[in-house]
Amino acid sequence: LGAFAVPASAQNYPTRTITMIVPFAAGGPTDVISRIVTAHMAQTLGQSIVIENVVGAGGTTATTRAARAANDGYTLITGHMGTHAASVPLYPKLAYHPEKDFEPVALLAGTPILILARKDFPPKDLKEFVAYVKANAEKVNAAHAGIGSVSHASCELLNSILDVKPVGVPFNGTGPAMNALVAGQVDYMCDQIVNAVPQIKAGTIKAYAVATPERNPSLPEVPTTTEAGLPAFQAQAWNAVFAPKGASPAIIATLNAAAIKALDDDNVRKRLLDLGSVIPAPANRTPEALATLVKNEIAKWTPVLKPAS
Ligand code: MLT
């Protein structure tokens, strides 16, 4: 097909406001990353990008809505390791499939997972945490952002390594879950670093470890799970833009280029890095690389996670 075959709507794209669905509450990691990157993308595209927070069911409510939206490039979603991987094994009746119902657009950020606790939770370090949670398995609770969210899936992995089943306390996102942790209303949480850095720096919560091979430059004092004695727990999430299936290649290319430009912007990079995110290397920024990531992540999480009962 020659260039003349591209529909006029795709050639002029975008001519009006774009909606970016965020499948969790405002103030949480998905929301924060989306706002930082889309503010810059909007400048490049010459149109506003409005964030719409659509909460519920661990992000799957919003992701179902995005899958069914018009594929004209005006409704997009920031999905993540939960909505586009972990939810597959956890919801046997999931109303969408991450690979079949979406066009991958661009990876925005990698987000290491931390084991966090309320400030007055008794264990002082990760070894004590492990012993305490095992000894008090009946009474400790763990906050998360709903079945299939990153915080839920990554703490399921942690809990299976520790062989404990704490009471799960679901929220509409780890923004509100973090508020409950800071207020001392819940005991612990596995959360993405962007949500944790401001609170750890403010001294309002405890961080036992970061679940990546290296310490994170934004939190140099927080040990890795390997250093702290739990090398089996390794977890890093990711956030990425997706369009409904069938959005035109021209639209995907326009959006991908705008996302890459944002990731190369000094101010965007500083804001993401200050919050501990990992900015994708150039080779990982293509739609094809994101498609591969989604495929690999579904394969990785499927044996780890059991359907919600
Ligand atoms: C999650 O646990 O999936 C996220 O942290 C949700 C959010 O962005 O609030």
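Higher on the page you've got the structure.
Residues numbered from 1 in each chain as written. Predicted model: local features only at pLDDT ≥ 70, side-chain atom pairs only at ≥ 80, totals over all residues. Heavy atoms only, no water.

Chemist: Looking at this model, I keep getting lost on the site of the ligand. Mind explaining?
Modeler: What surrounds the ligand is a group of 14 residues, the closest being Thr-30, His-80, Val-150, Ser-151 and Thr-174. A distance of 3.5 Å is found between an oxygen atom of the ligand and a backbone nitrogen or oxygen belonging to Pro-29. Taking Val-150, its main chain carries an N or O atom lying 2.8 Å from an oxygen atom of the ligand. Protein contacts shield 100% of the accessible area of the ligand, which totals 270 Å² for the unbound molecule. In this structure, the ligand is accommodated by the largest cavity. Those elements that place two or more of their residues in the shell around the ligand are α2 (29-45), α6 (150-162), α7 (174-182) and β7 (188-192). (Near = heavy atom within 4 Å. Polar contact = N/O pair within 3.5 Å; in protein donor to acceptor, adjacent residues only side chain to side chain. Areas by Shrake-Rupley, 256 points an atom, 1.4 Å probe, with all protein chains shown as cover. 1 Å grid on protein atoms, 1.4 Å probe; cavity = no way out; pocket = protein on both sides within 12 Å on 5 of 7 lines; lining within 4 Å. Sits in = over half its atoms within 2 Å of the grid points. Helix = DSSP H or I, 4+ residues; strand = E, 2+ residues; numbered from the N terminus.)

Chemist: Help me understand helix α4 (residues 82-90), please; the structure alone is not making it clear to me.
Modeler: Every α-helix carries 3.6 residues per turn, so stepping three or four residues along brings you back to the same face. Within α4, eight of the nine residues are buried, which leaves it mostly tucked inside the rest of the structure. Within the sequence span of α4, burial applies to Gly-82, Thr-83, His-84, Ala-85, Ala-86, Ser-87, Pro-89 and Leu-90. (Buried < 20%, exposed > 50% of the residue type's maximum accessible area, 1.4 Å probe, protein only.)

Chemist: Explain the pattern of salt bridges to me, please; I cannot follow it from the model alone.
Modeler: Side chains that differ in charge, positive against negative, can pair when their charged atoms come close. Scanning the model with the defined rule gives twelve salt bridges in all. Here Arg-35 ties to Asp-31 by a salt bridge, and the two come within 3.0 Å at their closest N and O atoms. In this pair, Arg-35 and Asp-31 both sit in helix α2, four residues apart, roughly one turn of the helix. Classification of Arg-35 by relative accessible area gives partly exposed; the value is 39%. For Asp-31, a relative accessible area of 3% gives the class buried. Arg-285 is the partner of Asp-264 in a salt bridge, and the nearest nitrogen-oxygen pair spans 3.0 Å. Placement of Asp-264 in the loop between α9 (249-263) and α10 (266-274) and of Arg-285 in the loop between α10 and α11 (287-301) is noted, with a sequence separation of 21 residues between them. Each of Arg-118, Asp-120 and Asp-187 takes part in one network of salt bridges that share partners. (Salt bridge = Lys/Arg side-chain N within 4 Å of Asp/Glu carboxyl O.)

Chemist: Where do I start with the packing of aromatic side chains in this structure?
Modeler: When we look at a pair of aromatic rings, we describe it by the centre distance and by the angle of the planes. Tallied over the entire structure, the rule returns seven aromatic pairs. Ring centres of Tyr-13 and Tyr-74 lie 5.3 Å apart, and the angle between their planes is 65 degrees; this geometry places the pair in the edge-to-face category. One end of the pair, Tyr-13, is in the loop between α1 (8-12) and β1 (18-22); the other, Tyr-74, is in the loop between α3 (60-68) and β3 (75-80), and 61 residues separate them in sequence. Residues Tyr-13 and Tyr-74 agree in their burial class; the two are buried. With centroids separated by 5.0 Å and ring planes inclined at 40 degrees, the aromatic side chains of Phe-129 and Tyr-208 adopt a geometry described as tilted. One end of the pair, Phe-129, is in helix α5 (residues 126-135); the other, Tyr-208, is in strand β8 (residues 205-210), with 79 residues separating them in the sequence. A single burial state applies to Phe-129 and to Tyr-208, both of which are buried. Grouped by ring-pair contacts, the aromatic residues Phe-121, Phe-129, Tyr-132, Tyr-188 and Tyr-208 constitute a single cluster. Over the aromatic face of Tyr-74 sits the side chain of Arg-16, whose NZ or CZ is 3.9 Å from the ring centroid. (Phe/Tyr/Trp six-rings, centres within 6.5 Å; stacked < 30°, edge-to-face > 60°. Lys NZ or Arg CZ within 6 Å of the ring centre and 35° of its normal.)

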